[in-house]
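Tertiary structure, described
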Amino acid sequence: MTRVSLDTDTDTIRRLRDGMARGVLSFPLTSFHDDGSLDPDGCRAHLAAQLATEPGAVFPACGTGEFFSLDEDEYRVVVTAAVEEAGGRVPVVAGVGYGWAQAARFARIAEEAGADALLVLPHYLVEAPQDGLVAQLEQLAARTRLPLIAYQRGQVTFTAASLRRIARIPSVIGLKDGHSDLDRLQRLTLAAPEGFLFFNGAATAEIQARAYATVGVPAYSSAVHAFAPEIANAFFAALRDGDHGLTDKLLRDFYVPFVELRDRVPGYSVSLVKAAARLRGRPVGPVRAPLTDPSPGDLAELGALLGTGLDLVGAAL
């Protein structure tokens, strides 16, 4: 089995931990032209704008970045752009997924592009037993030198016993959680070895950020950062500084209404984010099928909500 060198592993963990303490984790959008083709220039412009707001790390070609819609050539363009735009300032963690054989193909591309680590998205379609979930990571770890962060969401859920097993794989450095089962998550954090990284990966993670922090998982990804980093960064700072008034106001007047709008249509967790970015003049283009862009009515409601959120933090549309 290919092993990540101790120096590389330690450096990646250190940089990620430092970034997690400093700011939100950015999951940039992938830009498409109106005809659905990849827009490399738009990708770079969006990445540059994201990086200018000093996120803790950048995660290209993941769920928000429509990894599931990219072919391998497009994936290479997206990850290469992220690495070059980041220029070593923050860690770049690229998404990989499907079965381990296909994930390994994407992993090789990410490694060649210079990514620092990989986020292993839930495998395709089928449910699997715990032994299979562990084997999936073992097989991928044997085929890449990059550190791995497992992502439990959808059909992937690790038990505490399985968490101990994947933590023994030298290149597995952390777990991102999208289930929001805090009882289970607490058991996982207690089962993990010292230094193992945990991330709050719930949809619109700010809604549950305080709850996650109580079980030892304060770091979180922010889809809102992809279109309104002013709001995302203000919320992060308020939560960090114990400003309960601003935290509650942002949750009540922006995040909760945003989640209620998001939950109306499957796929809006990405579609609304892209639409909001377009409302702010960002060149991200439409979503690719099977996702659909918001209806005119929902888009109008999104625009009003975006204005409210920006007003709350003293920013302009």
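Preceding this paragraph is the structure being described.
None of the values given here were measured: they were computed from a predicted structure.

**Section: the overall build of the protein chain**
- Across its full length, the protein chain carries twelve helices and eight strands.
- A globule of 317 residues ought to have a C-alpha radius of gyration of about 20 Å, and the protein chain, at 18 Å, matches this closely.
- The principal-axis extent of the C-alpha atoms belonging to the protein chain is close to 50 × 45 × 35 Å.
- Per-residue burial over the protein chain gives 53% buried out of 317 residues.
- Sequence separation of 24 or more characterises 73% of the internal contacts of the protein chain that already satisfy a separation of 6 or more.
- Surface exposure of the protein chain reaches about 12,700 Å², of which carbon and sulfur atoms provide 52%.
- For the protein chain, the separation between the mean place of its 30 positive charges and that of its 38 negative charges on side chains is 4 Å.

**Some remarks on unusual backbone geometry**
- A cis amide bond links Ala289 with the next residue in sequence, Pro290, at an omega value of 15 degrees.
- Positionally, Pro290 belongs in the loop between α11 (268-279) and α12 (296-312).
- You will see that Glu54, though not glycine, has its phi angle at about 60 degrees, which is positive.
- Following the sequence through the fold, Glu54 ends up in the loop between α2 (40-52) and β2 (57-58).

**Regarding the pattern of salt bridges**
- Scanning the entire structure with this criterion turns up 21 salt bridges.
- Put simply, Arg14 and Asp11 hold a salt bridge, and the shortest N to O gap is 2.6 Å. Taken together, the residues Arg14 and Asp11, both in helix α1 (residues 6-22) and three residues apart, mark about one turn of the helix.
- You can call Arg14 partly exposed: its relative accessible area is 42%.
- Residue Asp11 is classed as partly exposed on the basis of its relative accessible area of 33%.
- With its nearest N and O atoms 2.9 Å apart, the salt bridge here joins Arg240 to Asp241.
- Residue class for Arg240 comes out exposed when judged on its relative accessible area of 52%.
- Linked through salt bridges whose partners overlap, the residues forming this network are Asp11, Arg14 and Asp18.

**Quick notes on the packing of aromatic side chains**
- Enumeration according to the criterion identifies 13 aromatic pairs in this entry.
- Measuring from centroid to centroid gives 4.4 Å for Phe27 and Phe59, while their planes differ by 15 degrees, and the two rings are stacked. Taken together, the positions of Phe27 in the loop between β1 (25-26) and α2 and Phe59 in the loop between β2 and α3 (72-86) put the pair 32 residues apart, joining distant regions of the chain. Considered together, Phe27 and Phe59 belong to a single accessibility category, that of buried residues.
- Considering the side-chain rings of Phe59 and Phe199, the 6.5 Å spacing of their centres and the 75 degrees angle between planes classify their relative orientation as edge-to-face. Of this pair, Phe59 sits in the loop between β2 and α3 while Phe199 sits in strand β7 (residues 197-200), and the two are 140 residues apart along the sequence.
- Here Phe199 falls in the buried class, since its relative accessible area comes to 3%.

**Thoughts on the sheet that holds β2**
- Read from one edge of the open sheet, three strands run β2-β1-β8, paired in parallel fashion. Among the strands making up the open sheet, the edge pair consists of β2 and β8 (221-222).
- Pairing of β1 with β2 involves two bridges; the strand directions are parallel. Bridge assignment links Leu25 to a residue of β2, and that residue is Ala57.

**So, the sheet that holds strand β6 (residues 172-177)**
- As summarised here, the arrangement of the five strands in space is β3-β4-β5-β6-β7, forming an open sheet in which the pairing is parallel. Pairing within the sheet leaves two strands with one partner each, and these edge strands are β3 (93-96) and β7. The sheet shows a mean angle of 25 degrees between the axes of neighbouring strands, direction not considered.
- Relative to β6, strand β5 (residues 148-152) is paired through five bridges, and the arrangement is parallel. For Tyr151, the partnering residue across the bridge sits in β6 and is Lys176.
- Running at roughly 155 degrees to β3, helix α4 (residues 100-113) makes contact with β3 and β4 (117-120) of the sheet.

**Description of the packing of α11 against α12**
- Orientation of α11 relative to α12, taken along the N-to-C sense of each, is 65 degrees, at an axis distance of 10 Å. Taken together, the axis directions place α11 and α12 in an arrangement best described as roughly perpendicular. Between α11 and α12 lies a crossing whose hand is right-handed. Note on element contacts: α12 touches α11 through Asp298, Leu299, Leu302, Gly303 and Leu306, opposite Tyr268, Leu272, Ala275, Ala276 and Leu279.
- Across the contact of α11 with α12, the residue classes tally to eight nonpolar, one polar and one charged.

**Overview of the side chain of Thr64**
- Topologically, Thr64 is positioned in the loop between β2 and α3.
- Note on Thr64: relative accessible area 13%, which makes it buried.
- Here Thr64 is in contact with Phe27, Pro28, Leu29, Ala223, Val270 and Val273, once residues within four sequence places are set aside.

Thresholds applied
Residues numbered from 1 in each chain as written. Predicted model: local features only at pLDDT ≥ 70, side-chain atom pairs only at ≥ 80, totals over all residues. Heavy atoms only, no water. Helix = DSSP H or I, 4+ residues; strand = E, 2+ residues; numbered from the N terminus. Rg over C-alpha atoms; globule rule 2.2 N^0.38 Å. Buried < 20%, exposed > 50% of the residue type's maximum accessible area, 1.4 Å probe, protein only. Contact = heavy atoms within 4.5 Å. Areas by Shrake-Rupley, 256 points an atom, 1.4 Å probe, with all protein chains shown as cover. Lys, Arg positive; Asp, Glu negative; His and termini not counted. Charge placed at Lys NZ, Arg CZ, Asp CG, Glu CD. Salt bridge = Lys/Arg side-chain N within 4 Å of Asp/Glu carboxyl O. Phe/Tyr/Trp six-rings, centres within 6.5 Å; stacked < 30°, edge-to-face > 60°. Pairing = 2+ DSSP bridges. Axes fitted to C-alpha atoms, helices over the stretch in contact; angles between N-to-C directions. Parallel < 35°, antiparallel > 145°, perpendicular 65-115°, else oblique. Left-handed = near helix turned anticlockwise from the far one by under 90°. Nonpolar A, V, L, I, M, F, W, Y, C, P; charged D, E, K, R; others polar.

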